[in-house]
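Chains, contacts and geometry: an overview
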Amino acid sequence: LRNNVHLVRLAMHNNHIYDKGAAALGEALAENHVLTHLQLSSNAVGDVGAKGLANGLRANYGLRRLDLYFNLVGDEGGVALAEALTVNSALRVLHIDNNRVGDPTALALAKALKVNRGVSELTLLYNKVRNAGALALVDAVRTSTSVHSLALGHNPHVIGEATEALDALKTEHLVPRKALVQFL
C-alpha cells in the first residue's frame, strides 16, 4: 500500500485485521496519497488500531472516506481520530457506527469540525453518545460550512434537550445543506 499508485478503493470488511492490521494501514496511509476509500468494518479494530489510523491521517491528503463501523473503537481511539481531523482536511466521510465511542469522542469531533473544512458526513450511530456530546456536535454542524450529514441515531442516552436541538437543526433555514441530520 505504501508504494501503491493505482488502487483507490480498499474494502477489507470482516478480514480480522484487528489493531495490528489497522495500525499497519495507518503507517501506510501516511505515505499513500492515492487511496481514496478505506473500508474496515467488522474487523475488531480497537483504540490502538484507531490511533494508528489517526496517525496516518495526519499526514495523508488523499483519503476521502473511512468506514470503521462494527468495530471496537472506544473514546481513546475516537478522540485520536477527531484530533487528526484538525490537520487533515481531505477526509470527507467518517463512519464510526456501532463502536464504543461516547461523549469524549463526540466533544473532540465537535471541536475538530470547528476548524476542519473537509468533512461533509459524520455518522456515530449505535454508540454511547450522550446529550453533552450530541449538543456539541449540533453546535459544530450549525457553524460548519462543510458538514451536511450528521447521524446520531440509536444512542439511547441522547434525549430531551439534545433531541430537540437535533430536530431544530433539521428544520432551520439551513435545511438543504443539513438535510441528512438523523437521530432516533
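Refer to the structure printed above.
Computed from a predicted structure; not experimentally measured.

Observations concerning the nonpolar core
Note that soluble globular proteins tend to have their nonpolar side chains buried in a common cluster. Counting 51 residues, the largest nonpolar core has Leu53, Leu66, Leu81, Leu109 and Leu137 as the members making the most contacts within it. Secondary-structure elements contributing two or more residues to this core are helix H1 (18-29), helix H2 (47-59), helix H3 (75-84), helix H4 (103-113), helix H5 (131-143) and helix H6 (161-171). The residues contacting Leu66, other than those within four sequence positions of it, are Leu38, Leu57, Leu81, Leu91, Val93, Leu94 and His95.

Details of the sheet that holds strand E2 (residues 37-39)
Here 6 strands make up an open sheet; going across it, the order is E1-E2-E3-E4-E5-E6 and the pairing parallel. The sheet terminates laterally at strand E1 (9-11) and strand E6 (149-151), the two strands that pair on one side only. Looking at each pair of strands side by side, their axes are set apart by 0° on average, direction ignored. Both E2 and strand E3 (residues 65-67) contribute to a ladder of 3 bridges, which runs parallel. Along E3, the bridge assignment pairs Leu38 with Leu66.

Focus on the side chain of Thr123
Looking at the secondary structure, you find Thr123 in strand E5 (residues 121-123). Here Thr123 falls in the buried class, since its relative accessible area comes to 7%. Among the polar contacts made by the side chain of Thr123, one reaches the side chain of Asp97 at a distance of 2.7 Å. Apart from the residues lying within four places of it in its own chain, the contact partners of Thr123 are Leu94, His95, Ile96, Asp97 and Ala151.

Comments concerning H3
Of all 10 residues in H3, 7 are buried; the element is thus mostly enclosed. All of the buried residues in H3 are Gly77, Gly78, Val79, Ala80, Leu81, Ala82 and Ala84. Taken together, the buried residues of H3 touch H2, E3 and H4.

As for the packing of H1 against H2
At a minimum axis separation of 7 Å, H1 and H2 run at an interaxial angle of 5°. Relative to H2, the element H1 lies roughly parallel. Contact residues: Asp19, Ala22, Ala23, Leu25, Gly26 and Leu29 in H1; Asp47, Val48, Gly49, Gly52, Leu53 and Gly56 in H2. A breakdown of the residues in the contact of H1 with H2 according to their chemical character gives 6 nonpolar, 4 polar and 2 charged.

Here's the deal with the environment of Arg65
Mapped onto the fold, Arg65 is located in strand E3. Beyond its immediate stretch of four places on either side in the chain, Arg65 contacts Thr36, His37, Leu38, Leu91, Val93 and His95. Reaching out from Arg65, the side chain makes a polar contact with the side chain of His95 at a distance of 3.5 Å.

Looking at the packing of H5 against H6
Look at H5 against H6: their axes get within 9 Å of each other, and the N-to-C directions meet at 20°. Between H5 and H6, the angle falls in the class roughly parallel. Crossing handedness for the pair H5 and H6: left-handed. Each of Asn131, Ala134, Leu135, Val138, Val141 and Arg142 in H5 lies in contact with H6, whose residues at this interface are Glu161, Ala162, Ala165, Leu166, Ala168 and Leu169. Per-class residue counts for the contact of H5 with H6 are 9 nonpolar, 1 polar and 2 charged.

Examining unusual backbone geometry
For His16, which is not glycine, the phi dihedral falls at a positive 55°. With respect to the helices and strands, the residue His16 is situated in the loop between E1 and H1.

What about the pattern of salt bridges?
Applying the stated criterion across every chain yields a total of 3 salt bridges. In this structure, Lys51 and Glu76 form a salt bridge, with 2.6 Å as the shortest nitrogen-oxygen distance. Pair noted here: Lys51 is in helix H2 and Glu76 is in helix H3, with a separation of 25 residues, a long-range link. Using a relative accessible area of 32% as the deciding quantity, one classes Lys51 as partly exposed. The partner of Arg65 in a salt bridge is Asp67, with the nearest N and O atoms 3.0 Å apart.

Cut-offs applied
Going along each chain's sequence as written, the residues are numbered from 1 onward. Only residues with pLDDT of 70 or above have their local features reported here, since the model is predicted, and side-chain atom pairs are shown and tallied only from 80 upward, although totals for entire chains, interfaces and linings are computed over all residues. To get the side-chain values, take all heavy atoms of the structure and skip hydrogens and water. We define the nonpolar core as a collection of buried residues of types Ala, Val, Leu, Ile, Met, Phe, Trp, Tyr and Cys that are connected through side-chain atoms lying within 4.5 Å of one another. Relative accessible area decides the class of each residue, using a 1.4 Å probe on protein chains only: under 20% of the type maximum gives buried, over 50% gives exposed, and in between gives partly exposed. Numbered from the N terminus, helices here are DSSP runs of H or I no shorter than four residues, and strands are runs of E no shorter than two. Throughout, a residue-residue contact means that at least one pair of heavy atoms, one from each residue, lies within 4.5 Å. The pairing criterion for strands is at least two bridges between them, as found by DSSP. A fitted line through C-alpha atoms serves as each axis, taken over the contacting stretch for helices, and the angle formed by two N-to-C directions is quoted from 0 to 180°. Pairing of N or O atoms within 3.5 Å defines a polar contact, subject to two protein rules: one partner must be a possible hydrogen donor and the other a possible acceptor, and residues neighboring in sequence count only if both atoms are side-chain atoms. If an angle is under 35 degrees, it is roughly parallel; if it is over 145, roughly antiparallel; if it lies from 65 to 115, roughly perpendicular; otherwise it is oblique. For this scheme, ten residues count as nonpolar: Ala, Val, Leu, Ile, Met, Phe, Trp, Tyr, Cys and Pro. Four count as charged, namely Asp, Glu, Lys and Arg, and the remainder, Gly too, count as polar. Handedness of a crossing follows from how the near helix is turned relative to the far one, being left-handed for an anticlockwise turn of less than a right angle and right-handed for a clockwise one. Note on definitions: salt bridges are taken to be side-chain nitrogens of Lys or Arg within 4 Å of carboxyl oxygens of Asp or Glu.

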